[in-house]
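Fold and geometry: a report
Listed below, chain by chain, are the residues.
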Amino acid sequence: MTVGESTEVPALEVEGLSFSYSGKPVLQEVGLLLEAGQFTVLLGPNGAGKTTLFSLITRLYDRRVGSIRVGGFELRRDVVAAHARMGVVFQQPTLDLDLSVRQNLTYHAALHGMGPREARRRAEEQLQRVGLGEALKTRVRQLSGGQRRRVEIARGLLHRPRLLLLDEPTVGLDIAARRDLVERVHRLCVEEGVAVLWATHLIDEVYPEDRVVVLDAGRVRASGSVSEVLAASGATSIGEAFDTLTRGPVEVAT
Ligand SMILES: Nc1ncnc2c1ncn2[C@@H]1O[C@H](COP(=O)(O)OP(=O)(O)OP(=O)(O)O)[C@@H](O)[C@H]1O
């Protein structure tokens, strides 16, 4: 969050969002509300529309119905202000493997208008935060999958956004790296007050204190605290709720 900015303005507000690919509806009347410091799991099976939703929030696609506000700024009207308040970790890794960790981050910081000194300072600060303070000069190619994801998270936080979007960030990681990443981002959320939108189809990535949005076939089937989603679905566990609210069987990583 930018210093001095009101914490009362939601980090993300999506209202009545609908989108079609060549006439095929993929998102229908989607609504989301994320407050500062909330970890929200966007839970949906393959094809639910999670990546499409992220593509609209990051404005990769723009042809849509409905409104998207980031930190109070409407994405179409105030795109620069909205983007300044948002960090993203895409589903497909986007680091340059032949550059060092620090080079990847400082290059990105320059895109946000930071000078070299500020860029280095922020890069070091964020890498410490994700436990990679020692890896500044390491080439990304030499890092494990989990460490690369942490570099992407540090990069997404360089400009101190209010909102961090992560699209299935644990795909391809082993169980230990996955747990570590889920735990770190939850901590970040609490300690930094960043609102997190974490897309996944893995129910064991949901913590009891999280907010949950269940998306299926482009529609929000339930949203709220874990207990609210359980009540809405008549389920006793989030896995059962997911099963009830979506068409597909529940998936738990092994
Ligand atoms: N470029 C595209 N053109 C046409 N249809 C698309 C395109 N991208 C996605 N779709 C379709 O839109 C729907 C939603 O896809 P999307 O990738 O947003 O879902 P998802 O929840 O992110 O799934 P996954 O977990 O598999 O990434 C699916 O039916 C998909 O086949």
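Each value, and the rule that gives it
Residues numbered from 1 in each chain as written. Predicted model: local features only at pLDDT ≥ 70, side-chain atom pairs only at ≥ 80, totals over all residues. Near = placed C-beta within 6 Å. Helix = DSSP H or I, 4+ residues; strand = E, 2+ residues; numbered from the N terminus. Nonpolar A, V, L, I, M, F, W, Y, C, P; charged D, E, K, R; others polar. Pairing = 2+ DSSP bridges. Axes fitted to C-alpha atoms, helices over the stretch in contact; angles between N-to-C directions. Contact = placed C-beta atoms within 7 Å. Core = buried A, V, L, I, M, F, W, Y, C linked by C-beta atoms within 7 Å. Buried ≥ 20, exposed ≤ 12 C-beta atoms within 10 Å, placed from the backbone. Domains from an automatic or database assignment. Parallel < 35°, antiparallel > 145°, perpendicular 65-115°, else oblique. Left-handed = near helix turned anticlockwise from the far one by under 90°.

1. Let's talk about the site of the ligand
The environment of the ligand is made up of Tyr-21, Val-26, Gly-44, Asn-46, Gly-47, Ala-48, Gly-49, Lys-50, Thr-51, Thr-52 and His-201. Tallying contributions element by element places helix α1 (residues 50–57) first for the shell around the ligand, with 3 residues. Grouping the constituent residues of the shell around the ligand by class yields 3 nonpolar, 7 polar and 1 charged.

2. Side note on the sheet that holds strand β10 (residues 219–225)
In space, the 6 strands of this open sheet follow the order β6-β7-β8-β3-β9-β10, with mixed pairing throughout. Either end of the sheet is taken by a strand with one partner, and the two such strands are β6 (86–89) and β10. The average undirected angle you get between the axes of adjacent strands in this sheet is 15 degrees. Inspection of the sheet shows strand β3 (residues 39–43) paired to strand β8 (residues 195–200) by 5 bridges, in the parallel sense. Bridging across to β8, Thr-40 finds its partner in Leu-197. Its contacts with the sheet place α1 against β3, β7 (163–167), β8 and β9 (211–216), and it is angled at close to 145 degrees to β7. Strands β9 and β10 of the sheet are contacted by helix α7 (residues 226–233), whose axis makes an angle of about 130 degrees with β10.

3. A few points about the nonpolar core
The biggest cluster of nonpolar side chains holds 68 residues, and the ones touching the most others in it are Leu-12, Leu-43, Leu-163, Leu-165, Val-196, Trp-198 and Val-214. It is β8 that provides the largest number of residues to this core, a total of 5 residues. The residue makeup of this core includes at least three contributed by each of domain 1 (1–85 + 161–254) and domain 2 (96–159). Non-local contacts of Val-196, meaning those with residues more than four positions away in its chain, are made with Phe-39, Thr-40, Leu-164, Leu-166, Val-185 and Cys-189.

4. So, the domain arrangement of the chain
Taken domain by domain, the chain holds domain 1 (1–85 + 161–254) and domain 2 (96–159). Once you take the C-alpha centre of each, domain 1 and domain 2 turn out to be 24 Å apart. Contact residues are listed per partner, giving 11 residues for domain 1 and 9 residues for domain 2. Ranked by residue count, the leading element in the side of domain 1 that touches domain 2 is helix α6 (residues 175–192), at 5 residues. Split by residue class, the side of domain 1 that touches domain 2 holds 8 nonpolar, 1 polar and 2 charged.

5. Topic: the environment of Gly-44
With respect to the helices and strands, Gly-44 occurs in the loop between β3 and α1. Gly-44 sits in the buried class, given 27 other C-beta atoms within 10 Å. Measuring from C-alpha to C-alpha, the distance between Gly-44 and Leu-33 comes to 17 Å, with 11 residues separating the pair along the chain.

6. What to know about the packing of helix α5 (residues 145–157) against α6
For any two helices packed against each other, the geometry is given by the interaxial angle and the distance between the axes. Direction vectors running N to C along α5 and α6 enclose 20 degrees, while the axes themselves pass 9 Å from each other. As far as their axial angle goes, α6 and α5 are roughly parallel. The crossing of α5 and α6 is right-handed. Across the interface between the two elements, Gly-145, Gly-146, Arg-149 and Ile-153 of α5 pack against Ala-177, Asp-180, Leu-181 and Val-185 of α6. The residue makeup of the contact of α5 with α6, split by class, is 4 nonpolar, 2 polar and 2 charged.

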